[in-house]
Amino acid sequence: MAFGRKPPEEIVTAETKIWVCTSDQCNCWVRDNFKSSAIPTCPICSSEMEQTTKELEVVNNHSFNVTG
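Residues numbered from 1 in each chain as written. Predicted model: local features only at pLDDT ≥ 70, side-chain atom pairs only at ≥ 80, totals over all residues. Heavy atoms only, no water.

1. Observations regarding the overall build of the protein chain
Right, so step 1: Counting its secondary structure elements, the protein chain contains zero helices and three strands.
Right, so step 2: Along the chain direction, N to C, the helices and strands of the protein chain fall in the order β-β-β.
Right, so step 3: Burial analysis of the protein chain (68 residues in total) assigns 22% to the buried set.
Right, so step 4: If you take every contact in the protein chain between residues at least 6 apart in sequence, the share linking residues at least 24 apart comes to 61%.
Right, so step 5: Of the accessible surface of the protein chain, which amounts to about 5,800 Å², a share of 51% is contributed by carbon and sulfur atoms. (Helix = DSSP H or I, 4+ residues; strand = E, 2+ residues; numbered from the N terminus. Buried < 20%, exposed > 50% of the residue type's maximum accessible area, 1.4 Å probe, protein only. Contact = heavy atoms within 4.5 Å. Areas by Shrake-Rupley, 256 points an atom, 1.4 Å probe, with all protein chains shown as cover.)

So this is what it looks like as structure tokens:
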């Protein structure tokens, strides 16, 4: 018996928009809802990034929900 143990939570995934670095030497990517500008540049190597999708765990960015 395991008292106090919670059952593992189900990991919810969804097709998510991401931005991927176009440089062959860099494998950086950023979720669309965490990007810093409309068309982001790579935070690692400053190359251009292109939009694509990837199956990822759902993560909400609450900083965009702030009103004021």
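2. Concerning the environment of E50
Right, so step 1: Mapping E50 onto the fold places it in strand β3 (residues 49–57).
Right, so step 2: Under the relative-accessibility criterion, E50 is labelled partly exposed at 49%.
Right, so step 3: Along the backbone, E50 and C21 are 29 residues apart, and their C-alpha atoms lie at a distance of 6.6 Å.
Right, so step 4: Excluding residues within four positions of it along the chain, E50 makes contact with I18, W19, V20 and T22.

3. So, the pairing of strand β1 (residues 13–21)
Right, so step 1: By the bridge criterion, nine bridges tie β1 to β3 in an arrangement that is antiparallel. Residue pairing in the sheet places C21 in a bridge with M49 of β3.
Right, so step 2: Bridge analysis of β1 against strand β2 (residues 29–31) gives three bridges, and the strand direction is antiparallel. Within the sheet, the bridge partner assigned to V20 lies in β2 and is W29. (Pairing = 2+ DSSP bridges.)

4. Concerning the sheet that holds β3
Right, so step 1: Here we have three strands laid out as an open sheet, ordered β2-β1-β3, and antiparallel in their pairing. Pairing within the sheet leaves two strands with one partner each, and these edge strands are β2 and β3. Strand-to-strand twist across the sheet, computed as the mean angle between neighbouring axes with direction ignored, equals 40 degrees. (Axes fitted to C-alpha atoms, helices over the stretch in contact; angles between N-to-C directions.)

From the geometry alone we can't say anything about function, so treat these as descriptive.
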